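Residues per chain are reported as follows:
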Amino acid sequence: FWLKLLRPEARGLLQPIAMVDRTEARISQVVRASFAQFLGMFRKEGEIEPHYIPMARELMQANKHTLYVRLDDIKALDKDVVEFVPIELRDAIEQQYYKLLPHLCDAVGDFMQKQTVDRDLAEWSRKQPKFGLAFHGLTVAAGLRDLRTGDLGRLMAIHGTVTRTSDIRPELRVGVFECMDCNRRIGGIQQQFKLTEPVNCPNPLCRNTTKWLHRREEGECCDWQKLRVQEDASAIPAGSMPRSIDVIVRDEICEKCKPGDNVMVTGCMIVVPDVANLMNPGELKTSVVRKEINRGRREGLSEGITGLKELGMRSLSHKHAFLGCFVQKNEQNKDDKQEIFVNIRPEVEMDGKDFKLDRSEKDFLEELGRDPNVFDRVAAAVAPMVHGHLDVKKGLLLLLIGGMSKQTHESIKLRGDINMCVCGDPSTAKSQYLKWVSKFLPRGVLASGQAASAAGLTAAVMKDTDTGDAVIEPGALMLADNGICCIDEFEQMNSRDQVAIHEAMEQQTITLSKAGIQATLNARTSLLAAAAPRTGRYDVSRSLSHNVDISPPIMSRFDLFYVIIDRPDEESDDQLARHITALHTGKAAAQEAQGLSRKQLQQYIRMARDIFPSFTTEARDMVVKQYRSLRQAEGVEKFTSRVTVRQLESLVRLSEAVARVHLVHEVTPKHVLQAVQLMKASIRKVEATDKDLGEAEDAVGEAAVPDADAAATPVVPPAKKRVTVSMAEYEKVARMLAGHLRLEANRNVAVTYSDLVDWYLLQVEHKVTDENELWQETFRMKKILDRLIEVDKVIIVTQQAENKDDRVLAKHPNFKES
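Keep in mind that this is a model prediction, so the values were computed, not measured. (Residues numbered from 1 in each chain as written. Predicted model: local features only at pLDDT ≥ 70, side-chain atom pairs only at ≥ 80, totals over all residues. Heavy atoms only, no water.)

On to the overall build of the chain. Looking only at helices and strands, the chain features 28 helices and 28 strands. By the burial criterion, 43% of the 818 residues in the chain qualify as buried. Pairs at least 24 residues apart make up 72% of the contacts formed inside the chain by residues separated by at least 6 positions. By element, 51% of the accessible surface of the chain is carried by carbon and sulfur atoms, the whole surface being about 44600 Å². (Helix = DSSP H or I, 4+ residues; strand = E, 2+ residues; numbered from the N terminus. Buried < 20%, exposed > 50% of the residue type's maximum accessible area, 1.4 Å probe, protein only. Contact = heavy atoms within 4.5 Å. Areas by Shrake-Rupley, 256 points an atom, 1.4 Å probe, with all protein chains shown as cover.)

What follows is the structure, encoded as structure tokens:
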């Protein structure tokens, strides 16, 4: 009708524009009505009332205003019960999401106000100013490098890692102004990235265009937060830097994630102009104005302004941003797309209801917990691509399960997370352990000691590019909060950088005093480090401090410290070669299927972390006894580091973790002894000296009695000297004897001292060439066997006898042959 008021020539020019406006308005009304009808009609199978009515009641009870809708529910709607085609509505929302979003939000209010059965819901919805809408359930997520201008306004999902979150700030969405000439109020002014004033006063008698009074109390504001999302490491091409994008979230979507979370964000891509270029010079902060002046001087603009800038025109630059309506934790691993079935850290879940087990799964895990060899079975499922090293895998299992965090009456926090370091020769799978652990849980961060700095590991104070304020940039330890931080090449770190993590390893906090910021941040993380020897290979003749460049204070903060030495061994080398060959030929999957799967391991660890065991009186006495023994043995046995009170606390944490492995609610002396065994294996120095077995002539004097009928040439006994054996040979013989005793025990066959000696001599018969070597081998074997019985307790005597050779022997149940 308003076209009739114009002149005929102007009427023809504006006719197409009016038709477009009327078409868009008509489409918006149809979409609004169709979406409201969908919310009122959609039912899932077995539901009596519409699916979204109970969700609307939950909004009313919680006094919230954002309705969560699964996008695929629109397509699943029966088209015979509605007046529109559901698939067309879904496509329209997906293609024109940003343009239709205000009308879809109005449809949510229409849906609630039309409820005749629940009058309380309808009455409550009429009192609310506006409702929000969040779509979720998109199965395909785009990478940050795949975003293009053609995706503007489309409903889509992106995935990445949150590296920074801003404070929640108020955002003015609709402003109300008052004309300072005629005092007329003008409402409904949509804001465009800054305080946007009306163009002119609608009063025909007033010509005001510049003088406005902002009525702040009458405007419409909402919560606003900006996230910085960085693309995953697997999506970065070779030789490229990781890309990031700003994600804007509003209202109830704020504070849904924190730095370090791997998230999937649903929303649409938008174009945001550079706010500094859009503002007037008087609105800019002094620091921003100074920055603009310096940039102009560098560009050679100090001689004057020419061209369009002389008329007051300013260049306008844009940047991409993402407007998020739904944020959820990513269900896939951030590097290799392996699915994380269960989050083993219940502290970081958003709702605490993600961990559910059916009856069969729960029965299987409980039965596994009752197995006497549960520690070995579950540890064997840790890093299945690595062969052997069962003690190291047990340490990793305790690292994943952890002890219990406590707080004293004086509010002093005692950490329950376990720190572990693996040191060893090259090609001993140290880095493989770190990669596997970092991919096993959502908040696992992998860093390199050579490329890491103190600020990169803890936190840094940076300047915000938008506001110019000082903000905290989280480091690896903060990103791994309630997770595990893995640091490879730990010995390559600078000594100053190592000092920076002292507080994070023990107190699990990071204190900052920089740029006017005084803050104490949480770093509740376990630290898993891998270090290589200083000279390339581990020198067993020297102590650990001479092999690795790690300071004693940091060494004492590790609960477990393992040394892996690559020793040549025919049997283990053969097994390792077969395992690696199976990995390369694809046959290792069948072998891994025999043990626990990845999902079962995550479920078991999560179930174990839900148990909070307490120490019995006997267990407390055993802890005191073992700690006293370690302190007394420090002067006799050579350990990697001194035994201090930190080792006592480590013993408590390890004992709690062992009890959790067995799914029991009490820590018993048996659990303490297992923790002590792991602790001794990790802190004892790797001895390089040969084992002294005594003088050879003692054995020869008993065994080499000359025979009267012997040949004319007598057998010359070996010279009087001490017989020694290397540590590698000593351990090899111990494994052989223990393995034979285990097999005979399974057959219920008793093995005496002499039987075991004769069996071993038969195994090495092909290496003996004359009678002298046989005597030496017999003496050496008996000395090794005596030491295994009397000193190392690897073999025990189950039945005594008058004759030493008639004693019945058996393998100690705690000795592991691997």
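So, on to unusual backbone geometry. Non-glycine residue Glu 489 carries a positive phi angle of around 55 degrees. Its location among the elements puts Glu 489 in the loop between β17 (484-488) and α15 (495-499). The backbone of Gln 508 shows a phi angle near 60 degrees, a positive value even though the residue is not glycine. Locating Gln 508 in the fold gives a position in the loop between α16 (502-506) and β18 (509-514).

Formed by 57 residues in total, the largest nonpolar core has its most connected members in Leu 397, Leu 398, Met 420 and Leu 528. With 7 residues, the single largest contributor to this core is helix α11 (residues 390-401). Of all hydrophobic cores here, the second largest spans 47 residues; its members include Ala 56, Phe 131, Trp 224 and Cys 268. (Core = buried A, V, L, I, M, F, W, Y, C linked by side-chain atoms within 4.5 Å.)

Looking now at the sheet that holds strand β21 (residues 560-564). The sheet built from 5 strands is open, its strands ordered β14-β17-β20-β13-β21 with parallel pairing. The open sheet has two edge strands with one neighbour each: β14 (444-448) and β21. Across the sheet, the axes of successive neighbouring strands diverge by a mean angle of 15 degrees, strand direction being ignored. Pairing of β14 with β17 involves 5 bridges; the strand directions are parallel. Note that in β17 the partner of Val 445 across the bridge is Cys 485. (Pairing = 2+ DSSP bridges. Axes fitted to C-alpha atoms, helices over the stretch in contact; angles between N-to-C directions.)

Attention now moves to the pattern of salt bridges. Tallied over the full model, the rule gives 34 salt bridges. Here Asp 610 and Arg 606 are joined by a salt bridge, their closest N and O atoms 3.6 Å apart. Connected through shared salt-bridge partners, Asp 72, Arg 90, Glu 94, Asp 151 and Arg 154 make up one network. (Salt bridge = Lys/Arg side-chain N within 4 Å of Asp/Glu carboxyl O.)

Every other side chain in a regular strand lies on the same face of the sheet, so the side chains alternate between the two faces. Burial within strand β3 (residues 156-165) is extensive, with 8 of its 10 residues counted as buried. Across 4 bridges, the pairing between β3 and strand β7 (residues 220-230) is antiparallel. When the bridges of β7 are listed, Thr 161 appears paired with Gln 230.

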